[in-house]
Amino acid sequence: MRSPALLTLASMIALTSPALAQKDAPDAAKAHAEKVADDVAKNWASAPVEEVTKSGKGTARVDGKSIAYTQTAGTLTIRDEKGKPVASMFYTAYIAAGKNRPLTFFYNGGPGSSSLWLRMGSFAPEHVRTNNPEAVKPAPFDVGPNNDSLIGSTDMVFLDAIGAGYSRILGDAKPSDFYGVDQDVDAFAKAIIRYTTKNGRWASPKYIFGESYGTTRSGALAYQLEDRGLALNGVVLLSSIMNYGVRQSGFDTIHIGYIPSYAATAWYHNRVPGGRPASLEQFVEESRQFANGPYATALLKGQDITAEETDAIAQQMSRFTGLSVDYLKRANLRVNLSRFRKEILRDSHETVGRFDSRYKGIDADAAGEEPEYDASSTGITGLYVGSFLDQVTRQMG
């Protein structure tokens, strides 16, 4: 739909010359549209084709030693087999002095998550500091030295998947060129090889560190890197999920693995029937033995389990999960994560967090099947994102 200004222009041309109106009005409209697009582009953040780096200096204290490092925000240009630029991958790196220091590449999961969560919450020289499981207040943020930083042991490069963070597709490349298992791995392999070459790190021991879907990525990425001549010294998996098939109906291993976490959550929120045991560790260990023993056996029986066995297992499950026997039986002794987070505190219109079940959220609808949001995510997102952007802009420029 054309704007009123364009309609007025076309009307004026038509009044002066019908013949000119037929020819020039579309041209004028096209020129105006191009100008509007150019104006928008001037204020639109776009990834650079030419690689860019911005650096700053920092000092960390690890194991009583002071370690100076260079922190860099930069981009790596990914090219296709013809050498054409197809994507720009953003990274943040922390490099200390030393010959042939190990080099570790970090990336988050999702798929579709940027690496700021690992950057601000794991092993970088500075990280966010959270204490009680409560929503974090707005700025100024509590960010400080990371006593668990790996800068004393390895240089670190945090990579953002294409489309996440500041990583962007270039030119006429398509999302389908990157959004798939093989395409995703290809982009990461090219970026890691490019960083290694550009920074002269082929002689350095090299590791990859993936989180969540990043562990799935690591399985294929390790193969691709080796196949392209980059031999890895090791692969680190955090929050591993190497087989998404465990979530398929009829594959009960995932339910067995949930029980100890459910027990810890019920204990923390004082939902253990008969009162909370004195020792969390002992209670969780008892739940683990139940899950790997009687509970696993019951699930393996499938439809052959008797009513009496179902009652007995539901009674034991109720003790460890804090859920009612009736609810557990109606769920066929299989309660997925979302249902548990909704049910455990349903009577108070509250839910528990997915990443950290100590966090509590409030749902407007207590009759729903799943939580309306993840309190453990919304409670910290402002802290992670805001503190990361502060460091990238203020410290790294």
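Residues numbered from 1 in each chain as written. Predicted model: local features only at pLDDT ≥ 70, side-chain atom pairs only at ≥ 80, totals over all residues. Heavy atoms only, no water.

## Concerning the packing of aromatic side chains
Under the defined criterion, the tally for this structure stands at 17 aromatic pairs. Plain terms: the ring middles of Tyr258 and Tyr262 are 5.4 Å apart, the flat faces sit at 20° to each other, and that makes the pair stacked. Linking Tyr258 with Tyr262, this pair stays in helix α6 (residues 253-268), spanning four residues, or about one helical turn. Take Tyr262: its relative accessible area is 4%, and that puts it in the buried class. Members of the aromatic cluster, each reached through a chain of ring pairs, are Tyr69, Tyr94, Phe106, Phe123, Phe158 and Phe209. A cation sits over an aromatic face here: Arg276 above Trp267, 4.5 Å from the ring centre. (Phe/Tyr/Trp six-rings, centres within 6.5 Å; stacked < 30°, edge-to-face > 60°. Helix = DSSP H or I, 4+ residues; strand = E, 2+ residues; numbered from the N terminus. Buried < 20%, exposed > 50% of the residue type's maximum accessible area, 1.4 Å probe, protein only. Lys NZ or Arg CZ within 6 Å of the ring centre and 35° of its normal.)

## Things to note about the environment of Gln224
With respect to the helices and strands, Gln224 occurs in helix α5 (residues 213-227). Between the alpha carbons of Gln224 and Met317 there is a distance of 44 Å; along the sequence they are 93 residues apart. Filtering out sequence-adjacent residues up to four positions away, Gln224 remains in contact with Val185 and Ala189. (Contact = heavy atoms within 4.5 Å.)

## Focus on a nonpolar patch on the surface
Taken together, the side chains of Tyr166, Val385 and Leu389 define a hydrophobic patch exposed on the protein surface, amounting to about 230 Å² of accessible area. By the secondary structure assignment, Leu389 is in helix α12 (residues 381-395). Accessibility expressed as a relative area gives 35% for Leu389, which makes it partly exposed. (Patch = residues over 30% accessible without salt bridge, like charges linked within 9 Å, V, L, I, M, F, W, Y side chains within 5 Å. Areas by Shrake-Rupley, 256 points an atom, 1.4 Å probe, with all protein chains shown as cover. Salt bridge = Lys/Arg side-chain N within 4 Å of Asp/Glu carboxyl O.)

## Considering the environment of Arg201
Looking at the secondary structure, you find Arg201 in the loop between α4 (181-198) and β9 (206-211). Taking the relative accessible area as the measure of exposure, Arg201 reaches 10% and is therefore buried. In this structure the C-alpha to C-alpha distance between Arg201 and His349, which are 148 residues apart in sequence, comes to 54 Å. Reaching out from Arg201, the side chain makes a polar contact with the side chain of Ser204 at a distance of 2.8 Å. (Polar contact = N/O pair within 3.5 Å; in protein donor to acceptor, adjacent residues only side chain to side chain.)

## A few points about the side chain of Thr351
For Thr351, the position within the fold is in strand β11 (residues 350-352). Thr351 has contacts with Arg341, Lys342, Leu345, Tyr359, Lys360, Gly361, Asp363, Pro371 and Tyr373, leaving out every residue within four places of it along the chain.

## Section: the packing of α6 against helix α8 (residues 307-321)
Put simply, α6 and α8 touch, their axes get as near as 7 Å, and they point 55° apart. Regarding the angle of α6 to α8, the classification is oblique. Residue-level inspection shows Ile259, Tyr262, Ala263 and Ala266 of α6 in contact with α8, the latter providing Met317, Phe320 and Thr321. (Axes fitted to C-alpha atoms, helices over the stretch in contact; angles between N-to-C directions. Parallel < 35°, antiparallel > 145°, perpendicular 65-115°, else oblique.)

## Overview of unusual backbone geometry
Between Gly110 and the following residue, Pro111, the backbone shows a cis peptide bond with an omega angle of -5°. Geometrically, the link from Ala139 to Pro140 is a cis peptide bond, its omega value of 5° lying close to zero. Its identity is not glycine, yet Asn270 carries a phi of approximately 55°, on the positive side. Here Asn270 is to be found in the loop between α6 and α7 (280-300). Assessed through its relative accessible area of 46%, Asn270 is described here as partly exposed.

## Comments concerning the side chain of Ser115
Among the secondary structure elements, Ser115 is positioned in the loop between β4 (103-107) and α3 (116-121). Not counting chain neighbours up to four residues away, the residues in contact with Ser115 comprise Tyr107, Asn108, Phe158, Leu159 and Asp160.

## Topic: the pairing of β4
Extensive coverage of β4 is indicated by the burial of five of its five residues. Residues Leu103, Phe105 and Tyr107 line one face of β4 and the alternating positions Thr104 and Phe106 line the opposite face, and both faces are buried. For β4 and strand β7 (residues 155-159), the ladder comprises four bridges, and the chain directions are parallel. Residue pairing for β7: Phe105 is matched across the bridge by Val157. By the bridge criterion, five bridges tie β4 to β9 in an arrangement that is parallel. Bridged to Thr104 within β9 is Tyr207. (Pairing = 2+ DSSP bridges.)

## Structural notes on the environment of Ser204
Mapped onto the fold, Ser204 is located in the loop between α4 and β9. Apart from residues lying up to four places away in sequence, Ser204 is in contact with Asn100 and Arg101. Reaching out from Ser204, the side chain makes a polar contact with the backbone oxygen of Arg101 at a distance of 3.4 Å.

## Describing the confidence of the model for the chain
Per-residue pLDDT for the chain averages 90, and the proportion of residues at 70 or more is 92%. pLDDT under 50 marks residues 1-21. Its contacts with residues more than four places away, or in other chains, come to 16 contacts. (pLDDT = per-residue confidence, 0-100.)

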